[in-house]
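As a plain string of letters, each chain reads:
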Amino acid sequence: MVEAPERWDETLLEAFLRLPEIGYLAASLVDDPNDSASRYIKYLREERNAYSRREVNGVAILEGPTGGSCTMTSRELYERVGGFKQNTKFVYWREDAAYVKDLKRLGFGSAVLEELSVWHAGAPYYSKPPAAKGEFHEHNAKVYARKNRIKKLILAIPFAGMLNERFRIFDPPDTYRPPDFGRSWE
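Just so it is clear, the structure is predicted and the values come from calculations on it, not from any experiment.

S.K.: Even after reading the chapter, I still don't get the overall build of the protein, so can you show me in this structure?
M.R.: Secondary structure assignment for the protein yields 6 helices and 5 strands. Written out in order from the N terminus, the α and β elements of the protein read α-β-α-β-β-β-α-α-β-α-α. Against the globule reference of 16 Å for 186 residues, the protein gives a C-alpha radius of gyration of 18 Å, in line with a compact fold. Dimensions of the protein, computed from C-alpha atoms along their principal axes, come out at roughly 50 × 40 × 30 Å. Taken across its 186 residues, the protein has 37% of its residues classed as buried. Relative to all contacts within the protein whose residues are 6 or more apart in sequence, the contacts with residues 24 or more apart total 73%. On the protein, roughly 11800 Å² of surface is accessible, and the fraction owed to carbon and sulfur atoms is 52%. Of the charged side chains in the protein, 28 are positive and 27 negative; the average position of the first set lies 9 Å away from that of the second.

S.K.: What's the story with the pattern of salt bridges in this structure? I'm lost.
M.R.: A side chain of one charge can pair with a side chain of the opposite charge if their charged atoms are brought near each other. Taken as a whole and judged by the stated rule, the model has 11 salt bridges. Lys85 is paired through a salt bridge with Asp102; the nearest N and O atoms lie 2.9 Å apart. Of this pair, Lys85 sits in the loop between helix H3 (75–81) and helix H4 (95–105) while Asp102 sits in helix H4, and the two are 17 residues apart along the sequence. For Lys85, a relative accessible area of 34% gives the class partly exposed. Three or more residues are tied together by salt bridges with common partners; here these are Glu21, Arg54 and Glu63.

S.K.: How should I be thinking about the packing of aromatic side chains in this particular structure?
M.R.: In this description, an aromatic ring pair is defined by two values, namely the gap between the centres and the angle between the planes. Throughout the structure, instances matching the rule amount to 7 aromatic pairs. Seen in terms of ring centroids, Phe84 and Tyr99 are 4.4 Å apart; in terms of plane orientation they differ by 25 degrees. Their pairing is stacked. You can see Phe84 sitting in the loop between H3 and H4 and its partner Tyr99 sitting in helix H4, a full 15 residues away along the chain. Of the residues examined, Phe84 reaches a relative accessible area of 33% and is grouped as partly exposed. Pairwise contacts between aromatic rings join Tyr24, Tyr78, Phe84 and Tyr99 into one cluster. Between the NZ or CZ atom of Arg94 and the centre of the ring of Tyr40, over which it lies, the distance is 5.8 Å.

S.K.: What is the right way to read a positive patch on the surface from this model?
M.R.: A cluster of basic residues, Lys89, Lys101, Lys142, Arg146, Lys147 and Arg149, forms a positive patch on the protein surface. Ranked by the residues each element gives to the positive patch, the list is headed by helix H5 (residues 131–155), at 4 residues. With respect to the helices and strands, Arg146 occurs in helix H5. Exposure remark for Arg146: the relative accessible area of 45% places this residue in the partly exposed category.

S.K.: I'm lost on the pairing of strand E2 (residues 52–56) in this one. Help?
M.R.: Within a regular strand, the side chains alternate between the two sheet faces. In the sheet, E2 pairs with strand E3 (residues 59–63) via 5 bridges, with the strands oriented antiparallel. Within E3, the residue paired with Val56 across the bridge is Val59. Where E2 hands over to E3, the hairpin turn is made up of 2 residues, of which Asn57 adopts a positive phi near 50 degrees.

S.K.: Would you explain the sheet that holds E2 in this entry?
M.R.: Two strands in a sheet stick together by hydrogen bonds in their backbones, pointing the same way (parallel) or opposite ways (antiparallel). Strands sit in the order E2-E3-E5-E1-E4 across an open sheet of 5 strands; the sheet is mixed. Bordering the open sheet on either side are E2 and strand E4 (71–72), each of which pairs with just one other strand. Contacting strand E1 (22–29) and strand E5 (109–118), H4 runs over the sheet at an angle of about 145 degrees to E1.

S.K.: Help me understand the pairing of E5, please; the structure alone is not making it clear to me.
M.R.: The pairing of E1 with E5 spans 7 bridges and is parallel. The partner of Ile22 across the bridge, within E5, is Gly109.

Here is what the cut-offs are and how they apply
Position numbers for residues start from 1 in each chain and track the written sequence from start to end. Where totals are concerned, whole chains, interfaces and linings use all residues; where local detail is concerned, this predicted model gives features only for residues with pLDDT of at least 70, and gives and counts side-chain atom pairs only at 80 or more. Each side-chain value is derived from all of the structure's non-hydrogen atoms; neither hydrogens nor water enter the calculation. By the criteria applied, helices consist of DSSP H or I runs no shorter than four residues and strands consist of E runs no shorter than two, each listed in order from the N terminus. We take the radius of gyration over the C-alpha atoms and set the globule estimate at 2.2 Å times the residue count to the 0.38 power. Summary of the burial criterion: residues with accessible area below 20% of their type's maximum are buried, those above 50% are exposed, and those between are partly exposed, where the area comes from a 1.4 Å probe applied to protein chains only. Between two residues, a contact is recorded if the distance between any of their heavy atoms is within 4.5 Å. In these tables, accessible area is a Shrake-Rupley quantity obtained with a 1.4 Å probe, and a residue counts as shielded only by the protein chains included in the view. This count recognises Lys and Arg as positive and Asp and Glu as negative, with His and chain-terminal groups excluded. Where a charge lies is defined by one atom per residue type, namely NZ (Lys), CZ (Arg), CG (Asp) and CD (Glu). Salt bridge, as used here, is a side-chain nitrogen of Lys or Arg placed within 4 Å of a carboxyl oxygen of Asp or Glu. When two rings of Phe, Tyr or Trp (its six-membered ring) have centres within 6.5 Å they constitute a pair, described as stacked for plane angles under 30 degrees, edge-to-face for angles over 60, and tilted for the intermediate range. Put simply, a charge is over a ring when the Lys NZ or the Arg CZ is close to the ring centre, within 6 Å, and near the line of the ring normal, within 35 degrees. Here the term patch refers to residues with relative accessible area over 30% and no salt bridge, with like charges joined within 9 Å and nonpolar side chains (Val, Leu, Ile, Met, Phe, Trp, Tyr) within 5 Å. By definition, two strands form a pair when at least two bridges between them are found by DSSP. Helix axes use the C-alpha atoms of the stretch in contact, all axes being lines fitted to C-alpha atoms, and the angles between their N-to-C directions lie in the range 0 to 180 degrees.

Here is the structure:
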């Protein structure tokens, strides 16, 4: 984070305390075309319609994917789920998403606090990313390419697309391209 409103942490805490069913609350990100996280959130918001706006106890939240920048959880929940997990293969691997899944198993949701935006500066534009981040994105690009090929085959079956749209069996093939860290993507 390179910039945030004054007393942003108090804003996040006050909102978190008013949202008893939310176990992981994240600040929103300022739109920055040079920041990979901001670009991805914009893609999720504008192209995937991945967020649903809701007001709970006077707090406007966006339910959907929550990242790991400027977030809040409780010590009790953190200990109940065993904290943030580690991955034996990848140093960088989105442990925040695994944490959110663990919270969901306990019946807690995650959300983005709509009224609080912070400026995140993370991408090759700002500094050279670590090799571990590039390796993770390279691995994910291969995994998602395989999944997307299978999804396209399934959606080519008559009525499969209509059934998938109605019952949300799986998300449609993904068109997002991760940032280029100087390696070729498949």
